[in-house]
Amino acid sequence: MTLVCDILVRADMILTQDPLRSIVEQGGIAITGNTIMDVGDWESINARYHAESTINLGNSLIMPGLVNAHTHAAMTLLRGVADDLPLMEWLTKHIFPVEQHLTAEFVELGALLACAEMTRLGTTSFCDMYLLEDATYSAVDKAGLRILGGEGIFMFPSPAYPNTERGFEIVRELHDKWKNHPRIAQSVMPHAVYTTTPEILTRCRELAEELDIPLNIHLGETVTETEQCLKAFGKRPVQYAHDLGLLSPRTTIAHAVDLTDAEIDLLAETGTVVAHNPESNMKLASGIANIPYMLEKGVKVSLGTDGAASNNALNMFTEMTSCALLHKVRCMDPTCAPAQAVLDMATIGGAAAMHRTDIGSIAPGMKADIIALDLNAPNLLPMHNPVSHAVYAATGAEVRMTMVAGQILYNDGKFLKIDYPSLVSEIRSLRDWVRGKLA
Ligand SMILES: [Zn+2]
């Protein structure tokens, strides 16, 4: 019996990231609407399904779209404004002063640029914490990506609100406004322990429980954060967060650098997800998260770039390379952070950070979020092992097609949802505004 689907996609190789980590040569994928119906060798898929259209990608590697588990999309506007500084000085003297002047219009443009960059480099979903997050959702709505976002909650005013009380109202309003959007989901996002109070963090947890949505926070990023937390509350950040009930399967913590082994055990026991940001941690010299120990203890680990002001790219391919190399040299052991474990962080781990079970792999019932890499690219020849190439050889430049929810967003050099030439001119014209705020 022939089944009907919307699209059949064919390629030389499919890296599925399914539970068996299957790799299919001469593969095909059947897609209907936003969902993958079937995946297998092309001959059997083609015999089983009749499709309205067939996309033959030829010498390409299809793999799940990558998940950027922690970023601040609109910070693309601040890319390169201040480098080579420690976190607290960088944040308080260079980033916060510009951010206080941000408007919804600017945030949407910055987020749209981030969406273009991620789409071009094979990222299909991302977790985002920022100011005026409604504007980021508008950008994501246009660009076609998938997001778990949240308005950053601080104990001081932000460009989005005059006081924290209003911040909480905005979280509810955004939840009501976007909750039925197929690609936009929301989380409660207190910024960090050093920018909130115990009362604010408790309210954040209660709100996340009431709305039954995730909670994201920066936690254990630097030794300075730990010292400040000890001074203010007499506890290290992870214990402090745990005592306020924040650690749970609902929660994703970004960074998790300055942690003791006992604190990592606590993350494992509570089911808390970690978003690891190796390049941002290297650039700000924040330290190295003990990812091998987290993986050994069964902590769910995902991978993120952090914002473009501290990375400075939103490139999950180079982030995977950095991740694998960093842990090898830290452990002085080349078997540390093997390619498959790192690819898992950027796909399946990312799905855990988004608190979803329908993304991160190519299998029946999963969302049709897939990317294709050009296997004629010189740095991907010859093909012995696609997992190795994805982590160690690919740079993102080989991405020739990006699809989210069955919709093609980027194909052979062209953005299909974003008016890229006009975005470029708008971003260029914003440069002088950003410089003016830095003076
Ligand atoms: Zn961050």
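Residues numbered from 1 in each chain as written. Predicted model: local features only at pLDDT ≥ 70, side-chain atom pairs only at ≥ 80, totals over all residues. Heavy atoms only, no water.

## Quick notes on the overall build of the chain
Inference 1: For the chain, the count of helices and strands is 15 helices and 18 strands.
Inference 2: Its C-alpha atoms give the chain a radius of gyration of 21 Å, near enough to 22 Å, the size a compact globule of 439 residues would have.
Inference 3: If one aligns the C-alpha atoms of the chain with their principal axes, the spans along those axes are about 65 × 45 × 40 Å.
Inference 4: Going through the 439 residues of the chain one by one, you find that 59% of them count as buried.
Inference 5: A separation of at least 24 residues holds for 72% of the contacts in the chain among residues at least 6 apart in sequence.
Inference 6: In the chain, the 33 positive side-chain charges and the 52 negative ones have mean positions that sit 2 Å from each other. (Helix = DSSP H or I, 4+ residues; strand = E, 2+ residues; numbered from the N terminus. Rg over C-alpha atoms; globule rule 2.2 N^0.38 Å. Buried < 20%, exposed > 50% of the residue type's maximum accessible area, 1.4 Å probe, protein only. Contact = heavy atoms within 4.5 Å. Lys, Arg positive; Asp, Glu negative; His and termini not counted. Charge placed at Lys NZ, Arg CZ, Asp CG, Glu CD.)

## With respect to the environment of leucine 266
Inference 1: Mapping leucine 266 onto the fold places it in helix 9 (residues 261–270).
Inference 2: Judged by relative accessible area, leucine 266 falls into the buried class, the value being 12%.
Inference 3: Distance in space between the C-alpha atoms of leucine 266 and valine 299 is 9.4 Å, their sequence separation being 33 residues.
Inference 4: Here leucine 266 is in contact with Val238, Gln239, His242 and Leu247, once residues within four sequence places are set aside.

## Regarding the packing of aromatic side chains
Inference 1: Considering all chains together, one arrives at seven aromatic pairs under this definition.
Inference 2: Here the aromatic rings of phenylalanine 106 and tryptophan 433 are separated by 4.3 Å at their centres, their planes lie at 70 degrees, and the arrangement is edge-to-face. In this pair, phenylalanine 106 is assigned in helix 3 (residues 104–120) and tryptophan 433 in helix 15 (residues 420–438), connecting sequence segments 327 residues apart.
Inference 3: Pairwise contacts between aromatic rings join Phe96, Phe154 and Phe156 into one cluster. (Phe/Tyr/Trp six-rings, centres within 6.5 Å; stacked < 30°, edge-to-face > 60°.)

## Description of the side chain of glutamate 151
Inference 1: Tracing the sequence through the fold places glutamate 151 in strand 8 (residues 146–153).
Inference 2: Here glutamate 151 occupies a buried position and makes no salt bridge, while the nearest side chain of opposite charge, arginine 166, is found at 9.1 Å.
Inference 3: Polar contacts involving the side chain of glutamate 151 include one to the main-chain amide nitrogen of glutamate 133, which spans 2.9 Å.
Inference 4: Discounting chain neighbours no more than four positions away, the residues touching glutamate 151 are Tyr130, Leu131, Leu132, Glu133, Ser158, Ala160, Tyr161, Ile170, Val171, Leu174 and Met189. (Salt bridge = Lys/Arg side-chain N within 4 Å of Asp/Glu carboxyl O. Polar contact = N/O pair within 3.5 Å; in protein donor to acceptor, adjacent residues only side chain to side chain.)

## Examining the coordination of the zinc ion
Inference 1: The coordination sphere of the zinc ion contains the protein donors His70 (NE2), His72 (NE2), His218 (NE2) and Asp306 (OD), at a distance range of 2.1 to 2.4 Å.
Inference 2: Around the zinc ion, the four donor atoms sit at angles spanning 86 to 173 degrees, and that spread fits a shape best called irregular.
Inference 3: Sequence positions of the donors to the zinc ion reduce to the motif H-x1-H-x145-H-x87-D. With histidine 70 in strand 6 (residues 66–71) and histidine 218 in strand 11 (residues 215–219), this residue pair connects regions lying 148 residues apart in the sequence. With respect to burial, histidine 70 and histidine 218 carry one shared label: buried. (Donors = N, O, S within 2.8 Å, 3.2 Å for Na, K, Ca; no water. Tetrahedral: all angles 85-135°; square planar, octahedral: opposite > 155°, others 65-115°.)

## Notes on unusual backbone geometry
Inference 1: With an omega of 10 degrees, the peptide bond between asparagine 311 and asparagine 312 qualifies as cis.
Inference 2: Turning to its location among the elements, asparagine 312 is positioned in the loop between strand 14 (301–303) and helix 12 (316–331).
Inference 3: In this model, leucine 381 is joined to proline 382 through a cis peptide bond whose omega is -10 degrees.
Inference 4: Its place among the elements puts proline 382 in the loop between strand 15 (370–374) and helix 14 (386–393).
Inference 5: Unlike most non-glycine residues, glutamine 26 shows phi in positive territory, near 50 degrees.
Inference 6: Summarising the element assignment, glutamine 26 is placed in strand 2 (residues 23–32).
Inference 7: Phi at aspartate 212 takes a positive value of approximately 55 degrees, unusual for a residue other than glycine.
Inference 8: Examined against the element boundaries, aspartate 212 turns out to sit in the loop between helix 6 (198–211) and strand 11.

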